[in-house]
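# Breakdown of the fold
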Amino acid sequence: MKKYLYWFLVFPYCLFGQINESDSLNVKANLSLTGLWQDGNVETLIFRGRTDFSVKPWKKWVYKNTNSYVYQEFGKEKADSDFLSLNFLYFNPEQRLYPQVLGFVSTNFRREIEFRYLVGAGATYQIIKQKKHWLKASLTFEYEETDFKSSVFNNADFNGSETINTFRGTLWLSGKYELFKKKVVLKHESYFQPSLSQGDNYRWRADLSAEFPLWKFLSFKINYLQMYESIVIKNQEEGDQFLTFGFTLKSF
């Protein structure tokens, strides 16, 4: 079992791709599995998994789902066990401007978030709409509730309750660009998500990548991810950064 786990984790496969809801395909799916396993003087296990799924249940509707999971263990001590599910329902996404509803659920072991959910709606505008290049901006409004394991935060104004509720507005920006006759593919997904009533409560995320196609369905990938949350449990860091290398395998 260890032998298969070693090959499965040490040679990572970043199989997820950036699914464009405006594409004409009725069903699209991707799977991402990355990780690292080390034994001996230092015992380390890092596992990351992600699924991306998109389907057209009706003629002008598109449902898109992304699930991701992170597990990290150092010296047999769990450091991360985090789950995030993003769900979108778009109406007529082939148009330049189209509406959407969304719902997120997540947990985060390291940040001591027992459960977080977010529901809302908004619209997306396609700034650039081409086959090889596209750029989209979205504006959405959500209600969010987060249950923490502690009631002591880095900002004393939020102390006293393990639950924080708020309404948020979110600005999203995502794009894809094929350069040098598709020898380089640049992608980015980012958002800024402030609270509408709590000025000190905001978060943002930026996910940048460069892919170098090796074959029609296989590319070498460099990925940089940065995340920030202004309200965290006391003595925790607000920001995280990840620089990873791997491969992208897509089915479309």
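Scroll up to find the structure this text is about.
Residues numbered from 1 in each chain as written. Predicted model: local features only at pLDDT ≥ 70, side-chain atom pairs only at ≥ 80, totals over all residues. Heavy atoms only, no water.

Next up on the list: the overall build of the protein chain. Within the protein chain, the secondary structure is distributed over 1 helix and 12 strands. Walking the protein chain from its N terminus toward its C terminus, one meets helices and strands in the order α-β-β-β-β-β-β-β-β-β-β-β-β. The buried share of the protein chain, reckoned over its 252 residues, is 41%. Restricting the contact set of the protein chain to residue pairs at least 6 apart, pairs at least 24 apart contribute 52%. Approximately 14000 Å² of the protein chain is accessible, and the part contributed by carbon and sulfur atoms is 61%. (Helix = DSSP H or I, 4+ residues; strand = E, 2+ residues; numbered from the N terminus. Buried < 20%, exposed > 50% of the residue type's maximum accessible area, 1.4 Å probe, protein only. Contact = heavy atoms within 4.5 Å. Areas by Shrake-Rupley, 256 points an atom, 1.4 Å probe, with all protein chains shown as cover.)

If you trace the backbone, Lys187 turns up in strand β9 (residues 184-194). On the basis of relative accessibility, which here comes to 12%, the residue Lys187 falls in the buried class. Between the alpha carbons of Lys187 and Gly175 there is a distance of 5.7 Å; along the sequence they are 12 residues apart. Within the structure, the side chain of Lys187 is placed 3.4 Å from the side chain of Glu211, a separation counted as a polar contact. (Polar contact = N/O pair within 3.5 Å; in protein donor to acceptor, adjacent residues only side chain to side chain.)

What follows covers the pairing of strand β6 (residues 113-129). Relative to β6, strand β5 (residues 97-108) runs antiparallel, the two sharing 11 bridges. The residue of β6 that forms the bridge with Pro99 is Ala123. Across 15 bridges, β6 lies against strand β7 (residues 133-148) in antiparallel orientation. Directly across from Arg116, in β7, lies its bridge partner Thr146. Following β6, the chain reverses through 3 residues before pairing antiparallel with β7. (Pairing = 2+ DSSP bridges.)

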